[in-house]
Amino acid sequence: MPELPEVETVRRGLAPAMEGASIKKVEVRDRRLRWPIVKDFEKRITGSKVEGLGRRAKYLLADLSSGDVLIMHLGMSGSFRAGKDAKATKPGVYYHERSKSTAHDYVVFHMSNGATVTFNDPRRFGSMKLVPRAKLDAEPLLRNLGPEPLGNEFDAAMLAKACAGKKTSLKAALSDQRVVAGLGNIYVCEALFRARQSPKRRVSTIADRNGKPNARAQALVDAIKAVLNDAIKAGGSSLRDHRRADGSLGDFQHNFQVYDREGEPCLGCKGKVKRIVQNGRSTFYCPSCQK
Ligand SMILES: [Zn+2]
């Protein structure tokens, strides 16, 4: 599933095609996404202007002049193409390849600036949901999300507080969207390696008895911000590089230090990267470097 850096790169790639333009027409070719697209979807958004395209965790939020916010999620396999006809580019940096088949183009936005924005999703776990702006705070998809990891409010004290009393592992805690929003398997593994902390470590050890953060909490926060910023920067460079308009990960996949590198040499010591399974997902780490 695309994680925060991928979604942010998609947002930056779609913004020039959508922001400030009106939706002249929308074609819904198949309503069966994760949740069916509502029947009055076309009626509600046609003619409205996209006043801004934002992001919260892994959700894209298009703020419409109609008073609705269009919440879009890529699910497992969703991707967008944006542009004018043959020059369409596919913004995003994905480790797992996206579909190239137009058979799964389910929603097409025709913008007043001449751009076309197409949503493609072979596995249909993506979503398109309209929510009145006034009801956004109560929206179930967003309501329980933890802080944005790149925001100022996400710091060691907040992380320690969110983890206080939890008996789970660091891997499980950082993957929990209520603790911090937008991280998934790839970036949790990478951040833990950068912070030199074991994915198996009990999360309560990042705080003292009173819930005050220790150096481990600070190291985790620093590592999370650094790995996300590096990935977004790499995504940005792949956007500018038209040879990578197919949505490949650009340079960042070569920067993975542990993710998907089972048995390969650790970049921090003479050991090898190990893979274990936690909560049904693969975790990659170095048992020597990460304690
Ligand atoms: Zn190592």
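Conventions used here
- Residues numbered from 1 in each chain as written.
- Predicted model: local features only at pLDDT ≥ 70, side-chain atom pairs only at ≥ 80, totals over all residues.
- Heavy atoms only, no water.
- Donors = N, O, S within 2.8 Å, 3.2 Å for Na, K, Ca; no water.
- Tetrahedral: all angles 85-135°; square planar, octahedral: opposite > 155°, others 65-115°.
- Helix = DSSP H or I, 4+ residues; strand = E, 2+ residues; numbered from the N terminus.
- Phe/Tyr/Trp six-rings, centres within 6.5 Å; stacked < 30°, edge-to-face > 60°.
- Buried < 20%, exposed > 50% of the residue type's maximum accessible area, 1.4 Å probe, protein only.
- Pairing = 2+ DSSP bridges.
- Axes fitted to C-alpha atoms, helices over the stretch in contact; angles between N-to-C directions.
- Contact = heavy atoms within 4.5 Å.

Our focus in this paragraph is the coordination of the zinc ion. Protein ligation of the zinc ion involves Cys 266 (SG), Cys 269 (SG), Cys 286 (SG) and Cys 289 (SG), the donor distances falling in the range 2.2 to 2.4 Å. Taken together, the 4 donor atoms coordinating the zinc ion and their angles of 105 to 116 degrees define a geometry best described as tetrahedral. When the donor residues of the zinc ion are listed from N- to C-terminus, their spacing reads C-x2-C-x16-C-x2-C. Here Cys 286 lies in the segment after strand 10 (281-285) and Cys 266 lies in the loop between helix 7 (215-240) and strand 9 (274-278), a separation of 20 residues in the sequence.

What follows concerns the packing of aromatic side chains. Under the definition given, this model contains 3 aromatic pairs. Their ring planes at 50 degrees and their centres at 5.0 Å tell us that Phe 80 and Phe 119 sit as a pair that is tilted. Of the two residues, Phe 80 sits in strand 5 (residues 79-83) while Phe 119 sits in strand 7 (residues 116-120), which places them 39 residues apart along the sequence. Looking at Phe 119, the relative accessible area reads 0%, which means it is buried. The structure contains a cluster of three or more aromatic residues connected by ring pairs, namely Phe 256, Tyr 259 and Phe 284.

Let's shift gears to the sheet that holds strand 4 (residues 68-73). Strand order across the open sheet formed by 4 strands is 2-3-4-8, with antiparallel pairing between neighbours. The sheet is open, and its two edges are formed by strand 2 (50-56) and strand 8 (127-132), each paired on a single side. Taken over all neighbouring pairs, the strand axes of this sheet differ in orientation by 20 degrees on average, direction set aside. Relative to strand 3 (residues 59-64), strand 2 is paired through 6 bridges, and the arrangement is antiparallel. Residue pairing across strands places Leu 53 opposite Ala 62, the latter belonging to strand 3. This element, helix 1 (residues 4-18), spans strand 2 and strand 3 of the sheet and lies at about 175 degrees to strand 2.

Neighbouring strands of a sheet are bound in pairs by backbone hydrogen bonds; such pairs are parallel or else antiparallel. Reading across from one edge, 1-6-7-5 is the order of the 4 strands in this open sheet, with antiparallel pairing throughout. With one partner strand each, in any of the chains shown, strand 1 (23-28) and strand 5 form the two edges of the open sheet. Across the sheet, the mean angle separating the axes of adjacent strands is 15 degrees when strand polarity is ignored. In the sheet, strand 6 (residues 105-111) pairs with strand 7 via 5 bridges, with the strands oriented antiparallel. If you follow Val 108 over to strand 7, its bridge partner there is Thr 118. Strand contacts of helix 1: strand 5, strand 6 and strand 7, with the helix running at about 35 degrees to strand 5, the strand carrying the most contacts.

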